[in-house]
Amino acid sequence: MPGNPQEIKLVNNAMANATRRKIMNFLAEGARTAEEVGGAVGKAMLDYHLKLLQQASLIEVKGGTASLTEYGRNFLEGKPEKGEEKGADLHQAKPVEIVEVKQLLPCIADSTKFRTIANMAPPLGGVLKTLEPLFPRGRYSERIGALITQKGEVITTIYGTGKVTMTMIKNEAEAKEMLESLKGTINEAIAKGVAPAPGEKVRVEPMEIYKYLPKTDCKDCGEQSCYTFAIKLMAGEVSLDKCTPLKDSKYAVNQEHLQVLTAYI
Ligand code: SF4
């Protein structure tokens, strides 16, 4: 089970490649033979991709059939490892480091901004829940096992697995500055205990939800348009899983953002 910086690096390397991410999403639907995986993502360098995913403990291949490991499933869902919730005690937590800033990609919602994925080690697991009061706009989501915070238009999601995502970042310098600030806040809390920040209500607008939907107005969800779906989602009249096109692996990042935004509703 990945936990130390070297193992986390193997996971980061494995997940840095689009084909390997596709393989992970394909296997999320169930175990598949190597031939089926090749049919879905292409056969070029398939053995190599499978090997890297195995080395990172994200998948296992037995008798020519590939499947996600428990860690792989938790990683995809951004959930803490089994058992991490138990004994989630801030006093036992160790200071964290930002071990890697993995990607700086154009933001889906606004191509003039960036999104970034980093890794924090050691992973905080269930301790994250106790850190919610540190952030005025903090919300711990049991559903995705992550602490979500908002500062200006930047939304930061810290998963129990150590993964950290940030959206609507201006540039790399801002990403690094915000990650350092996050690390400082968490480590101070670990050293001194949690000092609650005054709570602030976070308001998510339907347009913010709409930006991450497929915007095809295909009506599969039973609504006339994606914008109508966004309004009904805000009102709690529909659930995100009714948008079936979102389940396509090409919308994996959109889905992740939508899960974060809906945690605020
Ligand atoms: S199913 Fe999804 S993509 Fe299709 S109209 Fe509904 S919200 Fe839009």
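Further up the page is the structure itself.
Residues numbered from 1 in each chain as written. Predicted model: local features only at pLDDT ≥ 70, side-chain atom pairs only at ≥ 80, totals over all residues. Heavy atoms only, no water.

K.L.:
Hey, could you run me through the overall build of the protein chain in this one?
P.N.:
Within the protein chain, the secondary structure is distributed over ten helices and nine strands. Taken over 265 residues, the protein chain has a buried fraction of 45%. Across the protein chain, contacts joining residues at least 24 apart in sequence account for 59% of those joining residues at least 6 apart. Approximately 13300 Å² of the protein chain is accessible, and the part contributed by carbon and sulfur atoms is 51%. (Helix = DSSP H or I, 4+ residues; strand = E, 2+ residues; numbered from the N terminus. Buried < 20%, exposed > 50% of the residue type's maximum accessible area, 1.4 Å probe, protein only. Contact = heavy atoms within 4.5 Å. Areas by Shrake-Rupley, 256 points an atom, 1.4 Å probe, with all protein chains shown as cover.)

K.L.:
Help me understand the pattern of salt bridges in this model?
P.N.:
Oppositely charged side chains can pair when the atoms bearing their charge come close. Evaluation of the coordinates by the stated rule reveals seven salt bridges. Lys62 is the salt-bridge partner of Glu60, the closest N and O atoms lying 3.9 Å from each other. For Lys62, a relative accessible area of 58% puts it in the exposed group. For Lys232, the salt bridge goes to Glu223, with nearest N and O atoms at 3.2 Å. Residue class for Lys232 comes out partly exposed when judged on its relative accessible area of 27%. Given a relative accessible area of 11%, Glu223 falls into the buried group. (Salt bridge = Lys/Arg side-chain N within 4 Å of Asp/Glu carboxyl O.)

K.L.:
Even after reading the chapter, I still don't get the site of the ligand, so can you show me in this structure?
P.N.:
Lining the immediate surroundings of the ligand are Pro214, Thr216, Asp217, Cys218, Lys219, Asp220, Cys221, Cys226, Phe229, Cys243 and Pro245. When its residues are assigned to classes, the shell around the ligand shows seven nonpolar, one polar and three charged. (Near = heavy atom within 4 Å. Nonpolar A, V, L, I, M, F, W, Y, C, P; charged D, E, K, R; others polar.)

K.L.:
Help me understand the pairing of strand 8 (residues 154–159), please; the structure alone is not making it clear to me.
P.N.:
Remember that side chains alternate between the two faces of the sheet whenever the strand is regular. Of all six residues in strand 8, six are buried; the element is thus mostly enclosed. Side chains of strand 8 alternate between two faces, with Val154, Thr156 and Ile158 and Ile155, Thr157 and Tyr159 buried alike. Pairing between strand 7 (residues 146–151) and strand 8: six bridges, direction antiparallel. Looking at strand 8, one finds that Gln150 is bridged to Ile155. Where strand 8 lies against strand 9 (residues 163–169), four bridges are found, and the strand directions are antiparallel. When the sheet's bridge partners are listed, Thr156 is paired in strand 9 with Met166. Joining the antiparallel neighbours strand 8 and strand 9 is a turn of three residues, in which Gly162 adopts a positive phi near 105 degrees. (Pairing = 2+ DSSP bridges.)

K.L.:
Just checking my understanding: could you explain the pairing of strand 3 (residues 65–68) for this structure?
P.N.:
Sheet analysis places strand 1 (residues 32–33) next to strand 3, joined by two bridges and oriented antiparallel. Residue pairing across strands places Thr33 opposite Thr65, the latter belonging to strand 3. When strand 2 (residues 59–62) meets strand 3, the two strands line up antiparallel, connected through four bridges. Bridge pairing in strand 3 links Glu60 to Ser67. Hairpin connection, strand 2 to strand 3: the antiparallel pair is bridged by two residues, and Gly63 has positive phi, about 55 degrees.

K.L.:
Is there a simple way to think about the nonpolar core in this case?
P.N.:
When a protein is soluble and globular, its nonpolar side chains tend to lie buried together. Among the nonpolar cores identified, the biggest contains 26 residues, and Met120, Leu124, Leu131, Ile158 and Ile186 are the most heavily contacted of them. Among the elements of the structure, strand 5 (114–121), helix 6 (127–130), strand 8, strand 9 and helix 7 (172–192) are those that each provide at least two residues to this core. The element that contributes the greatest number of residues to this core is helix 7, accounting for seven residues. The residues touching Ile186, leaving out its near neighbours within four places in the chain, are Val96, Met120, Leu124, Leu131 and Ile158. In terms of nonpolar packing, the next biggest core, distinct from the first, is built from 23 residues, Val204, Ile209, Cys243 and Tyr251 among them. (Core = buried A, V, L, I, M, F, W, Y, C linked by side-chain atoms within 4.5 Å.)

K.L.:
Would you explain the environment of Glu172 in this entry?
P.N.:
Positionally, Glu172 belongs in helix 7. Judged by its relative accessible area of 44%, Glu172 falls in the partly exposed class. Along the chain, Glu172 and Val101 lie 71 residues apart, while their C-alpha atoms are 9.4 Å from each other.

In short, shape yes, function no, at least from these values alone.
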